[in-house]
Amino acid sequence: MGLLQGKHYNRDIWLALKDIYFVSPLPGLTIYISVLVLASLYLLQVYCRRQRATRIRGPQSPGWVFGFAKIVLDSTVTTELYERWAREYGPVYKVPGILGQSKVILWDPKAISHFFARDTWLYNQTQFNKSVVRTTIGKGVLWADGESHKRQRKALNPAFSAAAIRSLTSVFYDAAHKTVIAWDSEIESNQRTHCAVIDVQRWMNNISLDSAGIAVLSHDFGALDGNDSDVVHVLNAFGSSSNVSHILVLLAQNFPSILKLPLPRTQFSLKFRLIVGKICEEMLSRSRKEKETGGAVQGDKSCLGLLLKAEESGESAGLTPQEVIDEARVLLLAGFETTAVSMTWALIELARNPGVQTKLRDECLEFGPTPSYDDLANKLPYLDAVVNEVLRLHAPVKEIPRLATQEDVIPLSEPLRTAAGNFTESVCIPKGTVIVIPYAALNCSVSMWGPDAKAFKPSRWFEGDEGTHWAKEGLHGYRHLMTFGDGARSCLGRLFALTEFKAVLFVLVRNFMFEMTDGPGVQIVEGLGTLPRPKVAGSAKAGSVPLRVRRYEV
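Residues numbered from 1 in each chain as written. Predicted model: local features only at pLDDT ≥ 70, side-chain atom pairs only at ≥ 80, totals over all residues. Heavy atoms only, no water.

## Observations concerning the overall build of the protein chain
Point 1. Within the protein chain, the regular secondary structure consists of 22 helices and 12 strands.
Point 2. When the 554 residues of the protein chain are sorted by exposure, 53% land in the buried category.
Point 3. When contacts within the protein chain are restricted to residue pairs at least 6 apart in sequence, those whose partners lie at least 24 apart make up 73%.
Point 4. When the accessible area of the protein chain is evaluated, it comes to approximately 24800 Å², of which 56% is carbon and sulfur surface. (Helix = DSSP H or I, 4+ residues; strand = E, 2+ residues; numbered from the N terminus. Buried < 20%, exposed > 50% of the residue type's maximum accessible area, 1.4 Å probe, protein only. Contact = heavy atoms within 4.5 Å. Areas by Shrake-Rupley, 256 points an atom, 1.4 Å probe, with all protein chains shown as cover.)

## Thoughts on the sheet that holds strand E12 (residues 546-551)
Point 1. Strands sit in the order E4-E12-E9 across an open sheet of three strands; the sheet is antiparallel. Of all the strands in the sheet, just strand E4 (195-199) and strand E9 (512-516) have a single pairing partner and so form its edges. Within the sheet, the average angular offset between the axes of one strand and its neighbour, ignoring direction, is 35°.
Point 2. Across five bridges, the pairing between E4 and E12 is antiparallel. Opposite Cys 195, over in E12, you have Arg 550 as the bridge partner. (Pairing = 2+ DSSP bridges. Axes fitted to C-alpha atoms, helices over the stretch in contact; angles between N-to-C directions.)

## Digging into the environment of Gln 322
Point 1. Note that Gln 322 resides in helix H15 (residues 321-352).
Point 2. For Gln 322, a relative accessible area of 44% puts it in the partly exposed group.
Point 3. For Gln 322 and Lys 139, which are 183 residues apart along the polypeptide, the C-alpha to C-alpha distance reads 8.6 Å.

## Concerning the sheet that holds strand E5 (residues 400-404)
Backbone-to-backbone hydrogen bonds join strands into a sheet, with any given pair of strands oriented parallel or antiparallel.
Point 1. The strand order across the open sheet built from five strands is E1-E2-E8-E5-E3, with neighbouring strands paired in mixed fashion. The sheet terminates laterally at strand E1 (92-96) and strand E3 (123-124), the two strands that pair on one side only.
Point 2. Where E1 and strand E2 (residues 102-106) come together, five bridges link them in antiparallel fashion. Pairing of Pro 96 across the sheet is with Ser 102, part of E2.
Point 3. Packed onto the sheet, helix H5 (residues 109-118) meets E2, E3, E5 and strand E8 (434-437) and runs at close to 115° relative to E8.

## Considering the packing of aromatic side chains
Point 1. In total, this model carries 13 aromatic pairs according to the counting rule given.
Point 2. With a centroid separation of 6.2 Å and an interplanar angle of 55°, the aromatic rings of Tyr 82 and Trp 85 are classed as tilted. Here Tyr 82 and its partner Trp 85 are both found in helix H4 (residues 75-89), three residues apart, which amounts to about one turn of the helix. By the burial criterion, Tyr 82 is buried, and Trp 85 matches it.
Point 3. With 6.2 Å between their ring centres and 85° between their planes, Trp 183 and Trp 203 make a pair best called edge-to-face. (Phe/Tyr/Trp six-rings, centres within 6.5 Å; stacked < 30°, edge-to-face > 60°.)

## Quick word on H15
Point 1. Compared with the 46 Å implied by 1.5 Å per residue over 32 residues, the 48 Å span of H15 between its first and last C-alpha is a close match.
Point 2. When you tally the buried positions in H15, you get 27 out of 32 residues, the bulk of the element. (Expected span 1.5 Å × (residues − 1).)

## Points about unusual backbone geometry
Point 1. Phi angles above zero are rare outside glycine, and Ser 218 is one such case at about 60°.
Point 2. Positive phi is not limited to glycine here, since His 480 has a value of about 65°.
Point 3. Counting through the fold element by element, His 480 comes out in the loop between helix H21 (469-474) and helix H22 (494-511).
Point 4. Classification of His 480 as partly exposed rests on a relative accessible area of 25%.

## Remarks on the environment of His 219
Point 1. Within the secondary structure, His 219 is located in the loop between helix H10 (200-217) and helix H11 (230-238).
Point 2. Between the C-alpha atoms of His 219 and Ser 302, which are 83 residues apart in sequence, the distance is 9.2 Å.
Point 3. If we skip the residues at most four places from it in the chain, His 219 touches Gly 213, Ile 214, Ile 279 and Met 283.

## Some thoughts on the pattern of salt bridges
Point 1. Under the criterion given, the structure shown has 21 salt bridges.
Point 2. We note a salt bridge from Asp 384 to Arg 479, for which the minimum N-O separation is 2.9 Å. Note that Asp 384 is positioned in helix H18 (residues 381-393) and Arg 479 in the loop between H21 and H22, a separation of 95 residues in sequence.
Point 3. A relative accessible area of 31% places Arg 479 in the partly exposed class.
Point 4. One salt bridge connects Glu 515 with Arg 550, and the closest N-O pair in it is separated by 3.0 Å. A residue pair is termed long-range when its members are at least 10 positions apart, and Glu 515 in strand E9 and Arg 550 in strand E12 qualify at 35 residues. (Salt bridge = Lys/Arg side-chain N within 4 Å of Asp/Glu carboxyl O.)

## Here's the deal with the packing of helix H16 (residues 354-367) against H22
Point 1. At a minimum axis distance of 9 Å, the contact between H16 and H22 shows a crossing angle of 100°. Put simply, H16 runs roughly perpendicular to H22. Residues Gln 357, Leu 360, Arg 361, Cys 364, Leu 365 and Phe 367 of H16 form the contact with H22, whose own contacting residues are Leu 505, Phe 506, Val 509 and Arg 510.
Point 2. For the contact of H16 with H22, the residue count by class is seven nonpolar, one polar and two charged. (Parallel < 35°, antiparallel > 145°, perpendicular 65-115°, else oblique. Nonpolar A, V, L, I, M, F, W, Y, C, P; charged D, E, K, R; others polar.)

## Describing the pairing of E1
Point 1. E1 sits mainly inside the fold: four of its five residues count as buried.
Point 2. Connecting the antiparallel pair E1 and E2 is a turn made up of five residues, with Leu 99 showing a positive phi of about 50°.

## A look at the side chain of Glu 500
Point 1. Tracing the chain through its elements places Glu 500 in helix H22.
Point 2. In this structure, Glu 500 is buried with no salt-bridge partner, the nearest side chain bearing the opposite charge being Arg 533 at 12 Å.
Point 3. Contact partners of Glu 500, with chain neighbours within four places excluded, come to Phe 172, Ile 207, Ser 208, Ser 211, Gly 335, Thr 339 and Met 343. (Lys, Arg positive; Asp, Glu negative; His and termini not counted.)

## Structural notes on the nonpolar core
Point 1. In terms of nonpolar packing, the biggest core is built from 143 residues, with Leu 106, Trp 183, Ile 437 and Leu 505 touching the most fellow members.
Point 2. For this core, the element with the highest residue contribution is H15, accounting for 16 residues.
Point 3. If we ignore the near neighbours within four places in the chain, the residues touching Ile 437 are Leu 106, Ile 112, Phe 115, Phe 116, Glu 399, Ile 400, Leu 442 and Met 482.
Point 4. In this structure, Phe 128, Ala 252, Ile 258 and Leu 263 belong to the second largest nonpolar core, which totals five residues. (Core = buried A, V, L, I, M, F, W, Y, C linked by side-chain atoms within 4.5 Å.)

## A look at H16
Point 1. With 14 residues, H16 extends 20 Å from end C-alpha to end C-alpha; this agrees with the ideal 20 Å at 1.5 Å per step.
Point 2. Restricting attention to buried positions, one finds in H16 the residues Val 356, Gln 357, Leu 360, Arg 361, Glu 363 and Cys 364. Along the long axis of H16, the arc covered by the buried residues comes to 160°, so they all point the same way. The exposed residues of H16 that point more than 90 degrees off its buried face are Pro 354, Gly 355 and Glu 366.
Point 3. Looking at the packing, one finds that the buried side of H16 touches H15, H18, H22 and E9.
Point 4. Positive backbone phi, approximately 140°, marks Gly 368, located one or two places after H16. (Arc of directions from axis to C-beta.)

As structure tokens, then:
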């Protein structure tokens with residue numbers, strides 16, 4: 001039975017059964033025989049599908065209930081395990097999870113390219129992911145698949161073009177300079193030590209929230225000014241591991257109905273949706289009224305006008321009124337969380353690597369006071385290298401799971417040994433298989449990035465360095481990184497994130513020196529939140545990263 005034929009086989013059997021029961025006036029015995037024949041054909045189809053599926057190897061499950069699910073929660077351990085398993089079982093392998101169900105890990109570059117070319121169409125969000133996204137931010141572009149995703153993405157693209165981000169660069173600088181003033185004040189209050197211990201995670205959260213609020217909604221949350229709003233509380237709670245039951249998160253991946261329980265995490269999600277939804281509605285209502293009365297539209301530099309323009313183009317081609325609200329939630333949460341995590345890791349790495357910090361500061365001081373958008377993109381090579389290395393070594397999104405909605409044959413760049421002992425140049429994946437692309441592990445893979453893949457080494461990004469050779473040979477995506485993904489679901493806000501990251505880092509490193517409070521050997525781990533945020537190992541305060549900050553004197 002051919003692959004295309006197999007896709008429609010279940011539907012044909014159902015149509016035949018419907019005809020028998022509801023259309024054809026056949027005797028009872030004939031009906032029973034017909035049902036038996038069709039049931040036999042269905043079982044034969046299931047058997048053939050299983051026979052076609054490639055028997056993929058993988059590690060033995062350490063336990064039937066959780067498999068490796070609890071172990072792979074630790075992204076540091078997972079990075080090592082995924083690469084070790086790829087060497088042992090080949091570039092496509094299965095990992096046992098909850099209640100004996102397995103996920104298929106793609107490590108092969110050709111297989112990964114094939115996957116990204118079919119993402120949102122053949123490979124959709126898992127039911128767990130869709131439930132979480134719907135509860136938190138609604139049915140926006142992160143929730144959608146297929147035609148709906150394509151339509152929403154097309155409507156949002158203009159808001160994240162180079163021209164749009166170019167006009168927002170001043171917003172990022174304003175947030176960074178507010179931080180400089182606040183940190184100067186803290187340092188001046190410590191005349192004895194001429195330094196201050198500052199929780200940089202909290203400040204990066206505030207920078208990201210205020211920047212995203214102004215850029216997306218034309219709304220200043222005032223986090224950098226000390227405004228203790230509900231939005232600040234809810235978003236910070238999202239990054240905290242204290243409100244997360246790891247076991248429930250794991251079980252909910254197989255039983256999404258758990259998310260309907262009144263759990264603290266679910267309550268935070270609903271609260272965020274309501275609060276941000278109310279702000280979005282107020283901002284959008286104000287902009288609509290100003291447009292109707294011929295007044296100047298507030299927020300010309302934000303995404304609001306473009307969202308309204310997309311709404312006006314009609315439901316079939318643009319966005320519905322509800323989707324406009326949902327997209328605003330998506331953009332605010334994505335713009336806040338991912339960039340805050342990355343900027344925090346950047347300051348940690350600079351504190352750990354004083355030589356890199358000095359070299360970066362020298363480049364920024366030599367350049368001049370305020371680089372333009374184009375300068376940030378093209379004229380500060382070491383800043384670019386530091387940012388790329390942080391994004392490589394500390395990808396905010398560790399992996400993405402997708403559900404195969406149809407049977408698929410995935411090509412490989414090298415032969416794979418199957419569980420039967422044969423070698424194959426492609427693998428057949430049954431419908432219903434969960435596929436995982438391990439972003440963080442691929443970014444730190446020795447096979448992709450060389451023997452020093454786990455080290456923080458910005459010099460690898462310059463011509464002639466061998467540190468990116470293997471990745472350039474196989475991986476696609478921005479600068480051969482998996483951090484922003486690829487294909488139809490590649491990060492919509494990549495230019496936004498890179499510009500904010502570079503602008504903030506440029507200002508801070510010119511003005512301050514960063515040190516680890518307890519020496520360079522202090523261990524930084526990742527807590528489990530919406531995204532894994534860094535924190536000091538053993539710290540009771542979730543999501544806190546204190547660094548010693550000194551004013552840089554020329």
